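Here are the chains, one letter per residue:
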Amino acid sequence: MVSWFSKLVVATTIRMPRWFVKWVSRRYVAGPELSDAVNIMKRLSKENACFTVDVLGEEISSMAEAQYFYDEYVRVVNAIIDNNLDANLSIKPTAFGLLIDAEKGFANIKNLVKMAAEHDMFVRLDMEDHRVTQDTIQIVIDLHEQGLTNVGTVLQGRLFRSLEDIDFLEQKLGPMADYRICKGIYLEPEEIAFTSYSDIVSATNSCIDKMLSAGAYCAIASHDIPVVKHAKSALESYGMGPNIQDPRENSGAKRNSKGNGYEFQMLLGVRGPLRRKLAAEGHLTRVYVPYGAKWYEYSIRRLKENPTVGAQVAKAFIMPWTNRP
Ligand code: FAD
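These notes cover the structure that comes with them. In every chain, residue numbers begin from 1 and rise along the written sequence. Given that this is a predicted model, residues contribute local features only at a pLDDT of at least 70 and side-chain atom pairs are listed and counted only at 80 or more, while totals for whole chains, interfaces and linings are drawn from all residues. Just so you know, side-chain values use all the structure's heavy atoms and leave hydrogens and water out.

## A few points about empty space enclosed by the protein
Spelled out, the test is: Grid spacing is 1 Å over the protein atoms alone, the probe is 1.4 Å, and a cavity is where that probe fits but cannot get out, while a pocket is an open set with protein on both sides within 12 Å along at least five of seven lines and lining residues have an atom within 4 Å of a point. Grid points are joined across faces, edges and corners, and a volume is the space filled by probe spheres set on the points. A helix here means a DSSP run of H or I that spans at least four residues, while a strand means a run of E at least two residues long, and both kinds are numbered starting from the N terminus. Amino acids are sorted into nonpolar (Ala, Val, Leu, Ile, Met, Phe, Trp, Tyr, Cys and Pro), charged (Asp, Glu, Lys and Arg) and polar (every other residue, Gly among them).
Across all of its chains, the model carries 2 cavities of 30 Å³ or more by this definition. What the largest cavity holds in volume is close to 40 Å³. Looking at the largest cavity, the residues that line it are Val 140, Val 151, Gly 152, Thr 153, Leu 169, Leu 173, Ala 177, Asp 178 and Tyr 179. Where the lining of the largest cavity is concerned, the elements lending two or more residues are β4 (151-156), α7 (162-173) and β5 (178-182). A per-element tally of the lining of the largest cavity places β4 first, with 3 residues. For the lining of the largest cavity, a count of residues per class yields 6 nonpolar, 2 polar and 1 charged.

Here you go:
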């Protein structure tokens, strides 16, 4: 259930002038330029964070737009190397053309993953709405089968299918499976997804348990205390933790710029104190850094997709002690 307050915040924000939306979103978006993302990463490196970079934008209407994303991500790879940043890539398959020309979209993604592999850099395929869940998973499997193992995807706790997807990916990729687990931002229909807060938390926690028991790499992407607490106690039960080599017998070898079988991930601008606390405890923490000219479309779309985000943004401004960057 989306509260009336969230709906009100969204309805109000999308009617606000562009400068207002920009003012609100500057906390969550590095800026319009790649140099903005680089500057933020340099600053947050001092807080022991590492990064994953997202070029804003997703579903596109022509393959020419897909070329823009490909070229921009190539610039990101070069900027990461030139600035010696501990960062990898997060990409949205639909921005590469998945829903327009699946074959060309795959080729674009493959070329980028190949380029990243040459620099020992990981690429995460963000998970979009349920129309592309299966295709996104399949792209990861196909790339691994073609020898590109520096790629993984995201599973969304709210989707009923996620536990089966972990089984399927375990079969296909074994210990090379590398996930981000999150609740899922898209409000999916109740036929395929949990819709209540407590069910979503509990399903997300079950996914964390299953990923850990499958020997997979598990990036826990949540700012929610019950999820973070659960993850920490699950990790402990496997003897996993800061500065401990992954003790699971079924896990894969440690990759460059990754944690010992797990990491925590947070969005830029959200719950900084929690992230810094985890980092101070020795956990690897990664910040998701979005940037790009399409910051306005991105902000409005996120609000429309999931109005609860609106309430969280408003709460962060009205009661800053609940969520500092
Ligand atoms: P919530 O209960 O939503 O949030 C817990 C608390 O965190 C809130 O009370 C609030 O204080 C704070 N908070 C959370 N979000 C915000 C915000 N936007 N503004 C202000 N405060 C906030 N979803 C996908 O569907 N696909 C993806 O590929 C994907 N990638 C992600 C990558 C990262 C690194 C992260 C952190 C999230 C990603 N998500 C993705 C979004 C995720 O699915 C959730 O929608 C989002 O993280 C909110 O869920 P939560 O677990 O943080 O819990």
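## Considerations on the layout of surface pockets
Here the second largest pocket defines a volume of roughly 360 Å³. Taken together, 25 residues make up the lining of the second largest pocket; nearest its centre are Tyr 217, Gly 252, Ala 253, Lys 254 and Arg 255. Within the lining of the second largest pocket, the residues separate by chemical class into 8 nonpolar, 10 polar and 7 charged.

## Considerations on the site of the ligand
Rules: A molecule or strand has a residue near it when one of that residue's heavy atoms lies within 4 Å. Two N or O atoms form a polar contact when they lie within 3.5 Å of each other; inside protein one atom must be a possible hydrogen donor and the other a possible acceptor, and for residues adjacent in sequence the pair counts only when both atoms belong to side chains. Here, Shrake-Rupley sampling with a 1.4 Å probe gives the accessible areas, and only protein chains in the shown set may cover a residue.
Close contacts around the ligand come from 26 residues, with Lys 183, Gly 184, Ser 222, His 223 and Asn 323 the closest. Measuring from an oxygen atom of the ligand, one finds a backbone N or O atom of Gly 184 at 2.6 Å. The side chain of Arg 271 places a nitrogen or oxygen atom 3.4 Å from an oxygen atom of the ligand. Burial of the ligand by the surrounding chains reaches 90%, relative to a free accessible area of 930 Å². When residues of the shell around the ligand are traced back to their parent elements, those giving at least two are β4, β5, β7 (262-267) and α12 (308-318).

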